[in-house]
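What the coordinates show
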Amino acid sequence: MHASLPDFDMPNEEQVHLAAESFRLLSDPTRIKILWALLQGESSVACLAELADAAPAAVSQHLAKLRLAGLVKGRREGTFVYYTAADEHVRRLLSQGLYHADHIDRDLPSSPAPEGKATA
């Protein structure tokens, strides 16, 4: 049936695996807070811990996992590391997720999320 659809396309196994891994990493509320803060600009572990209301050690562990997944980047300056979101894809992914959550929460109709906005 699907083969008869002219524009039908399935992602390959590696794409599916990497996307699932990214979604798995985004399934933690603290990680979402950290990423959203990083989308506002570069930040240190201490600042992110305050913004996410989490212990610095926990934030550091979250950042290590997000960095390995390619969702954040770090820049070392002396003994400090400053983090940023990896790219515009992270902004769109997180914006869409938060926009969708806002619409579910408020029972709003679906429509495309504005770029870089979490809520309607």
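The paragraphs below set out a description of the structure included in this document. Numbers given for residues are sequential positions, taken from 1 along each chain in its written order. With the structure being a predicted model, the display of local features is reserved for residues of pLDDT at least 70 and the display and counting of side-chain atom pairs for 80 or more, all residues being used for whole-chain, interface and lining totals. Side-chain descriptors were evaluated using all non-hydrogen atoms of the structure, hydrogens and water having been removed beforehand.

**Overview of the pattern of salt bridges**
Note on definitions: salt bridges are taken to be side-chain nitrogens of Lys or Arg within 4 Å of carboxyl oxygens of Asp or Glu. Going through the model one piece at a time under the given rule, you end up with 4 salt bridges. We note a salt bridge from Arg24 to Glu21, for which the minimum N-O separation is 2.6 Å. Taken as a pair, Arg24 and Glu21 lie in helix H1 (residues 13–25) at a separation of 3 residues, close to a single helical turn. Burial status follows relative accessibility: with a 1.4 Å probe on protein chains alone, a residue under 20% of its type maximum counts as buried, one over 50% as exposed, and anything between as partly exposed. When its relative accessible area of 47% is taken as the criterion, Arg24 is described as partly exposed. According to the relative accessible area criterion, Glu21 is partly exposed, its value standing at 29%. One network of salt bridges, in which partners are shared, links Glu42, Arg75 and Glu77. Numbered from the N terminus, helices here are DSSP runs of H or I no shorter than four residues, and strands are runs of E no shorter than two.

**Focus: helix H4 (residues 56–68)**
To estimate the expected span of a helix, count its residues, drop one, and scale the result by 1.5 Å. Between the first and last C-alpha of H4 there are 18 Å, a value that for 13 residues agrees with the 18 Å anticipated at 1.5 Å per step. We call two residues contacting when some pair of their heavy atoms lies within 4.5 Å. Here the buried face of H4 lies against H1, helix H2 (29–40), helix H3 (45–52), strand S2 (72–77) and strand S3 (80–85). Where H4 terminates, the next one or two residues include Gly70, which has phi positive at roughly 80°.

**A few points about the sheet that holds S3**
When DSSP finds at least two bridges between two strands, those strands are taken to pair. Across the sheet, which stays open at both edges, the 3 strands sit in the order S1-S3-S2 with antiparallel pairing between neighbours. The sheet terminates laterally at strand S1 (43–44) and S2, the two strands that pair on one side only. In the sheet, S1 pairs with S3 via 2 bridges, with the strands oriented antiparallel. Across the sheet, the residue bridging to Ser43 is Tyr83, located in S3. Packed onto the sheet, H2 meets S1, S2 and S3 and runs at close to 90° relative to S3. Only the contacting stretch of a helix is used when fitting its axis, a line to C-alpha atoms as for every element, and angles between N-to-C directions run 0 to 180 degrees.

**Brief notes about the packing of H2 against H4**
Two quantities define a packed helix pair, namely the angle between the axes and the distance from one axis to the other. At a minimum axis separation of 10 Å, H2 and H4 run at an interaxial angle of 75°. By the criterion of interaxial angle, the relationship of H2 to H4 is roughly perpendicular. Residues Thr30, Arg31, Ile34, Leu35 and Leu38 of H2 lie in contact with H4, whose contacting residues are Val59, His62, Leu63, Lys65 and Leu66. Roughly parallel refers to an angle under 35 degrees, roughly antiparallel to one over 145, roughly perpendicular to one between 65 and 115, and oblique to any angle outside these ranges.

**Focus: the packing of H2 against helix H5 (residues 88–105)**
With their axes 10 Å apart at the nearest point, H2 and H5 run at an angle of 125° to one another. Taken together, the axis directions place H2 and H5 in an arrangement best described as oblique. Relative to H5, H2 is oriented so that their crossing is left-handed. Counting all contacts with H2, which are made through Ile32, Leu35, Trp36 and Leu39, the residues of H5 involved are Val90, Arg91, Leu94, Ser95 and Leu98. Whether a crossing is left-handed or right-handed is set by the direction in which the near helix is turned from the far one by less than a right angle, anticlockwise for left-handed and clockwise for right-handed.

**Some words on the nonpolar core**
Counting 21 residues, the largest nonpolar core has Ile34, Leu38 and Leu63 as its most contacted members. For this core, the secondary structure elements donating two or more residues are H2, H3, H4, S3 and H5. Broken down by element, this core gets its largest block of residues, 5 residues, from H2. We call a set of buried residues a nonpolar core when its members are Ala, Val, Leu, Ile, Met, Phe, Trp, Tyr or Cys and they connect through side-chain atoms within 4.5 Å of each other.

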